Number of protein chains: 2
Amino acid sequence: MEKDQYYMNLALQEAKKGRFQTWKNPLVGAVIVKNDQVLATGHHIHYGKSHAERDAISKLTPEQLFNSTLYVTLEPCNHYGKQPPCSDLIVQSKINRVVIAQVDPHKLVTGKGIAKLKANGIAVTTGVLAHAAEELNRFYTYFYQKNQPWITVKQAVSLDYRVNDQVNTRTAITNQSVYDRVHRERANYQAILVGSNTAIVDNPSLLTTISTDYPPIRIVIDRRGRLLQHRNLKLLTDGQAPTWIFTRNAELQNSLTNEQVKVWLMKTDQLSEIIQTLTEEGIQSVYVEGGPTLANAFMNGELANELIEYLSPHFLGKAGTAGILPSYKIMLKNVKFEQLSGNLRIAGEIDV
Amino acid sequence: MEKDQYYMNLALQEAKKGRFQTWKNPLVGAVIVKNDQVLATGHHIHYGKSHAERDAISKLTPEQLFNSTLYVTLEPCNHYGKQPPCSDLIVQSKINRVVIAQVDPHKLVTGKGIAKLKANGIAVTTGVLAHAAEELNRFYTYFYQKNQPWITVKQAVSLDYRVNDQVNTRTAITNQSVYDRVHRERANYQAILVGSNTAIVDNPSLLTTISTDYPPIRIVIDRRGRLLQHRNLKLLTDGQAPTWIFTRNAELQNSLTNEQVKVWLMKTDQLSEIIQTLTEEGIQSVYVEGGPTLANAFMNGELANELIEYLSPHFLGKAGTAGILPSYKIMLKNVKFEQLSGNLRIAGEIDV
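Residues numbered from 1 in each chain as written. Chains lettered and ligands numbered in written order. Predicted model: local features only at pLDDT ≥ 70, side-chain atom pairs only at ≥ 80, totals over all residues. Heavy atoms only, no water.

Condition: UniProt positions are given in the numbering used here, feature names are shortened, and annotations may be inferred rather than shown by experiment.
Per an unreviewed UniProt entry, the recorded name for chain A is Riboflavin biosynthesis protein RibD, and the organism is Lactobacillus hominis DSM 23910 = CRBIP 24.179. The annotation that UniProt attaches to chain A under Function (unreviewed entry) is "Converts 2,5-diamino-6-(ribosylamino)-4(3h)-pyrimidinone 5'-phosphate into 5-amino-6-(ribosylamino)-2,4(1h,3h)-pyrimidinedione 5'-phosphate."

Here you go:
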C-alpha cells in the first residue's frame, strides 16, 4: 500500500503539469509501473488533447505494457468525448492492474470506467490519495457533485474595513504583491464576476497574467443596462478575453453583442438565475470581484463557497465604503493566513 | 569593534532577565570582561534593588576588576535614587574602560554618568548596539524623550470588523490563544485603560497572568460617575491590582476611594488632561482596551502611538458595533503580522 501511495503521488505531481491549460477538463496524471520500475508518466496536457492514460501508454511498447500497473489520479473515462474512451485503450494494452485516486464525480463517467476495467479482468484499486486528487480539481469535483459552480468572493480592505476612501471612487488599497497575486489567482477560475458599478468606476481589465489559452470569462451584472453609456470600457473593447453581460435591458443584446461580448437577457433579478445559466454553460468556478453590494448579495443569499480577503494594515478613514457586512454570523473553515510582503491574505471556506 | 558588539549582546541578553520586575526602571544588563574573558555578568533584578553594574561588580575581587572593561546596556547613573550612583562605584573599582549601548534618555542622568567616568580617566565608548538597547526599553526611552507615556490601542475584531454581535453586549470574538496572549501582553504596560462602558458591560479584571510585583494599574475613565451604580465590579473589589478612576463627578472620590481604588477629579473632559496626570505620575506606557468609542477618541486625537489588532476570521453580522473608525487616513509603520492558532495579531506603530 505504501508503494501505491508513492506512485500515486508521482501521478499527482504529473497531473499538475497541465495546470491552466485543461480548461473545463480536470488535471489528471498517470504513471505506469512494472517490476517496481516507472516505465512512463503522462498527464492531460491541454483541453481537447490526449488524456493522461493515453499520454503515458503511447510512450511504451506492447511488451512493456503487458502485465504492468497503471496509476491514474482520476477514474479513466468510458465514453466518447473529444477523445476515444481510455478504458478501452487500457484493456487493449494488457495492463493488468489499475490504481485510481478519485472516482470521477462527472455523472457521465462515474463508476463506468471502473466497471469496464473489472469486466475485462483488470484488478482495480480505488481511493489511493483520493483526498489529494479531489483537492487538485476541487472546483471540477464540486461542480459535478453539486451541479453548481464553486463561488469565491474576494475583497480588498483596509485595517478599518474600507474598500475605498470615499464612496464610488477607486482606491488602491493593497500593494503590488496583492496585485500580482490576484492577477495569478484569477487563472484558477473559469469566470470573474463584477457588478456594473465596479465595471464603470474601476474600468478593470479583469485579465490574468498567467499564460493560458482559456482566460476566465469576464461577467458583468448590469440589470438596468448602464453599460450602454459606457461602451469604451476595457471589458467591452480590449479583445483579450470573452465578456458576458447579464441584463434585463433588451437593448443591450442588439447594441453590445459582438465577437467578444455576449449578452444574456435575464427573466428575473435573481443571482440564482445567473448561477443557473452558468451551470448550464458548464462554468465550474466563479471569482466574484465586484464591490461590497454584490458581495453582500452573494453572502446573504448563501451563494458563496469561499471568501478571500486581502488586507492592507492601514486606516483609510470612515468616509469610505465598508467591506462585506453579512446580515448574520458566518463561520469560515479551513482558514489560511498568508503574508504578502506588507499585506495579508485571509482565505476560508464558508460552511453552507 | 566586533568584540564590543559580542559582549554588548551578552549584556542585552542579561538585561532581559529582569523583565516584569523592574517596574518604572529600565531593564539593564552588564558584563565585565578582561583579557577576552567574561569575568562576571549582572542585571537590574528588581525595582529598588541593585543596578546591573553593581550586581556584576559585586561578584568580583578588586584584582579582577582592575583594568577590566565594563559593558553596560544603559549609561550608568550619576545620582542618588534608591541606590547610590553607579558611576562612583565604577571609578572606585578601577575599571578602565566602559562600553555603553544607550545614553540614558532620563533628564536627571543623560550624559552625566559618562562625564563623571571620563573625568576620572576612564575610556568610554557609546552607541554599541544602541538601537537594540532602545528597543529593549522602548516605553522608558519614549517617556523620557517625549515626556508622555507610550499609548497602545488594542482592539479585537471579526472579519467584518465587529467588536460584538450586538450593540452594548460582550461577545467573545477571538479564541483562547488571543486571550492568553493579551493576558501576557498587559504585563508590558504600566497601566491598562478602559471606558466606564467596558468596565460595566464586560466587568473585566484586566489582570496579567505574568508573575510580577508590579501589575499594571487599571484605569477607568468615568466622566459622569456611572460606577457609583456598579460598586461590585471586579476592578473595584478584587484587590488584585490598583485601580484609578478619572471622573468629573466629585461624589466618586468620597464613595469609591479605598486601599485599592484611587479617584482623580478631572478639571476638563479632555483625554489630554488624563495623559498629563499619568505623565506626572511617571506612568510610561498605557494599553487602551476600551471599546471603539474610547479608541476612536485616542486615534482621532492623535494620542495613540501603536495599534494592536486581534482578528478572528469569521463574520459576526452587521448588527454589531464596528471597530475603530478614524476620521482620516492613518498609516502604520513597523507592521508585524503574527498567526495565533486560528486568529491573527496585527501590530503597527502610528506615524505621528
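## Examining the overall build of chain A
We count it as follows: To qualify as a helix, a DSSP run of H or I must reach at least 4 residues; to qualify as a strand, a run of E must reach at least 2; elements of each kind are numbered from the N terminus. The globule rule used here is 2.2 Å times the number of residues to the 0.38 power, and the radius of gyration it is set against is calculated over C-alpha atoms. Exposed residues in this analysis have more than 50% of their type's maximum accessible area, buried residues have under 20%, and partly exposed residues fall in between, with area computed by a 1.4 Å probe over protein chains only. Here a residue-residue contact requires only that any non-hydrogen atoms of the pair lie within 4.5 Å. Note that accessible areas follow from Shrake-Rupley with a 1.4 Å probe, and for residues the cover is restricted to the protein chains shown.
Each helix and strand in chain A was counted, giving 13 helices and 14 strands. Against the compact-globule benchmark of 20 Å for 352 residues, chain A has a radius of gyration of 23 Å, which places it among compact chains. Its C-alpha atoms give chain A principal-axis dimensions of roughly 70 × 45 × 35 Å. Out of the 352 residues belonging to chain A, those deemed buried represent 55%. Within chain A, contacts between residues separated by at least 24 positions form 72% of all contacts whose residues are at least 6 apart in sequence. About 15500 Å² of surface is accessible on chain A, with carbon and sulfur atoms providing 47% of the total.

## Thoughts on the domain arrangement of chain A
Residues and elements named next belong to chain A. Note the cut-off: Residue ranges for the domains trace back to a domain assignment, done automatically or taken from a database. Salt bridge criterion: a side-chain nitrogen from Lys or Arg within 4 Å of a carboxyl oxygen from Asp or Glu. We define a polar contact as two N or O atoms separated by no more than 3.5 Å, with the added condition that, inside protein, one atom must be a possible hydrogen donor and the other a possible acceptor, whereas residues neighbouring each other in sequence contribute only through side-chain atom pairs.
As assigned here, chain A comprises domain 1 (1-140) and domain 2 (148-350). Each of domain 1 and domain 2 was reduced to a C-alpha centroid, and the two centroids are 35 Å apart. Contacts between domain 1 and domain 2 engage 9 residues on the former and 16 residues on the latter. Connecting domain 1 to domain 2 are 2 salt bridges. E349 is the salt-bridge partner of R138, the closest N and O atoms lying 3.7 Å from each other. There are 8 residue pairs in polar contact (both at pLDDT 80 or more) connecting domain 1 and domain 2.

## Let's talk about the packing of aromatic side chains
Going by this rule: Pairs were defined over the aromatic rings of Phe, Tyr and Trp, the Trp ring being its six-membered one, requiring ring centres within 6.5 Å. Orientation was assigned from the angle between planes: stacked under 30 degrees, edge-to-face over 60, tilted for the rest.
If you walk through the whole model with that rule in mind, you get 27 aromatic pairs over all chains. When the centroid spacing of 5.2 Å and the interplanar angle of 55 degrees are considered together, the rings of W244 of chain A and W264 of chain A count as tilted. A residue pair is termed long-range when its members are at least 10 positions apart, and W244 of chain A in strand 9 (residues 243-247) and W264 of chain A in strand 10 (residues 261-265) qualify at 20 residues. Classification of W244 of chain A as buried rests on a relative accessible area of 9%. Centre to centre, the rings of W23 of chain B and Y47 of chain B are 5.0 Å apart; their planes meet at 80 degrees, and the pair counts as edge-to-face.

## Re empty space enclosed by the protein
The criterion, for reference: Here a cavity denotes grid points, spaced 1 Å and computed from the protein atoms alone, that fit a 1.4 Å probe unable to get out, and a pocket denotes an open set having protein on both sides within 12 Å along at least 5 of 7 lines; residues with an atom within 4 Å of a point are the lining. Grid points are joined across faces, edges and corners, and a volume is the space filled by probe spheres set on the points.
Taken as a whole, this structure holds 1 cavity of 30 Å³ or more when the rule is applied. Roughly 30 Å³ of internal volume is contained in the largest cavity. As for the largest cavity, its lining consists of S158, L159, Y161, E309 and L311 of chain A together with S158, L159, Y161, E309 and L311 of chain B. For the lining of the largest cavity, the elements supplying multiple residues, two or more each, are strand 12 (306-312) of chain A together with strand 12 (306-312) of chain B.

## Quick notes on the relation of the copies chain A and chain B
For the record, the criterion: In superposing the copies, a least-squares fit is computed on C-alpha atoms, taking residues whose pLDDT is at least 70 in both.
For the pair chain A and chain B, the best superposition has an RMSD of 0.0 Å and corresponds to a rotation of 180 degrees with a translation of 0.0 Å parallel to the axis. Here the symmetry operator amounts to a two-fold rotation axis. If distances are taken from each C-alpha of chain A to the rotation axis, the shortest is found for Y161 of chain A, at 3.2 Å. An overlap of 100% is found between the interface residues of chain A and their copies at the interface of chain B, pointing to a shared contact surface.

## Structural notes on the UniProt feature "binding site: substrate" (unreviewed entry) in chain A
Residues and elements named next belong to chain A. Cross-referencing UniProt, the feature "binding site: substrate" (unreviewed entry) maps to R186, L206 and E289 in the present numbering. Of the residues just listed, which span 104 residues, no C-alpha pair is farther apart than 9.8 Å, and they cluster in one region. With respect to the secondary-structure elements, L206 resides in the loop between helix 9 (196-202) and strand 8 (217-221). The exposure class assigned to L206 is buried, which follows from its relative accessible area of 4%. Mapped onto the fold, E289 is located in the loop between strand 11 (285-288) and helix 13 (292-300). On the basis of relative accessibility, which here comes to 10%, the residue E289 falls in the buried class. Sequence-distant contacts of E289, defined by excluding residues within four places in its chain, comprise K154, V182, R186, I192, L193, V194, T198 and L206. A polar contact is formed between the side chain of E289 and the side chain of R186, at a distance of 2.6 Å.

## Considerations on the environment of N9 of chain B
Take N9 of chain B: it is sitting in helix 1 (residues 2-15). Sequence-wise, N9 of chain B and A133 of chain B are 124 residues apart; in three dimensions their C-alpha atoms are separated by 9.4 Å.

## Remarks on the UniProt feature "active site" (unreviewed entry) in chain A
Residues and elements named next belong to chain A. Per the UniProt record, the feature "active site" (unreviewed entry) sits at E53. Inspection of the secondary structure puts E53 in helix 2 (residues 52-57). You can call E53 buried: its relative accessible area is 3%. Once you skip the residues sitting within four places of it in the chain, E53 turns out to touch A30, L70, V72, L74, P76, C77, C86 and I90.

## Structural notes on unusual backbone geometry
Notably, N67 of chain A is not glycine yet its phi reads approximately 60 degrees, a positive angle. Relative to the helices and strands, N67 of chain A resides in the loop between helix 3 (62-65) and strand 3 (69-74). A positive phi angle, near 60 degrees, is found at K94 of chain B, a position not held by glycine. When you line up the elements, K94 of chain B lands in the loop between helix 4 (86-92) and strand 4 (97-102).

## Comments concerning the pattern of salt bridges
Residues and elements named next belong to chain B. For the structure on display, the rule yields 30 salt bridges over all chains. In this structure, K154 and E289 form a salt bridge, with 3.0 Å as the shortest nitrogen-oxygen distance. One end of the pair, K154, is in strand 6 (residues 150-158); the other, E289, is in the loop between strand 11 (285-288) and helix 13 (292-300), with 135 residues separating them in the sequence. Per residue, the accessibility class of K154 equals that of E289, and both read buried.

## Notes on the nonpolar core
Short version of the rule: The set of buried Ala, Val, Leu, Ile, Met, Phe, Trp, Tyr and Cys residues whose side-chain atoms join them within 4.5 Å is what this entry labels a nonpolar core.
One finds F298, L307 and F315 of chain A together with F298 and F315 of chain B to be the most contacted residues of the largest nonpolar core, which totals 78 residues. I200, V220, Y287 and L340 of chain B belong to the second largest nonpolar core, which has 28 residues in total.

## A word on the sheet that holds strand 14 (residues 343-350) of chain B
Pairing between the strands of a sheet is mediated by backbone hydrogen bonds and can be parallel or antiparallel. All names here are of chain B. Basically, it comes down to this: In short, DSSP must find at least two bridges between two strands for them to pair. Axis lines are fitted to C-alpha atoms, over the contacting stretch for helices. Their N-to-C directions set the angle, which ranges from 0 to 180 degrees.
Ordered by their spatial adjacency, 9 strands build an open sheet running 10-9-8-7-11-6-12-14-13, and the pairing between neighbours is mixed. At either end of the open sheet lies a strand with only one pairing partner, and these are strand 10 (261-265) and strand 13 (332-340). Neighbour to neighbour, the strand axes of the sheet diverge by 20 degrees on average, direction disregarded. Against the sheet, helix 7 (residues 138-146) engages strand 6, strand 11, strand 12 and strand 14, with an angle of about 130 degrees to strand 6.

## Observations regarding the interface of chain A and chain B
The following threshold applies: Here the buried area means the combined drop in accessible surface, using a 1.4 Å probe, for two parts upon being joined, counting both sides. Here the term charged refers only to Asp, Glu, Lys and Arg, the term nonpolar to Ala, Val, Leu, Ile, Met, Phe, Trp, Tyr, Cys and Pro, and the term polar to all other amino acids, Gly among them.
Contact with chain A, which involves 31 residues of that partner, is made by 31 residues of chain B. Of the roughly 2800 Å² buried between chain A and chain B, counting both surfaces, carbon and sulfur atoms make up 70%. The largest contributions to the chain A side of the interface with chain B come from L159, F315 and F337 of chain A, which together make up 26% of the buried area. In this structure, K329 of chain B and D165 of chain A form a salt bridge, with 2.9 Å as the shortest nitrogen-oxygen distance. Broken down by secondary-structure element, the contributors of at least two residues to the side of chain A that touches chain B are strand 12, strand 13 (332-340) and strand 14 (343-350) of chain A. Here the side of chain A that touches chain B gets 4 residues from one element, more than from any other, and that element is strand 13 of chain A. By residue class, the composition of the side of chain A that touches chain B is 19 nonpolar, 6 polar and 6 charged.

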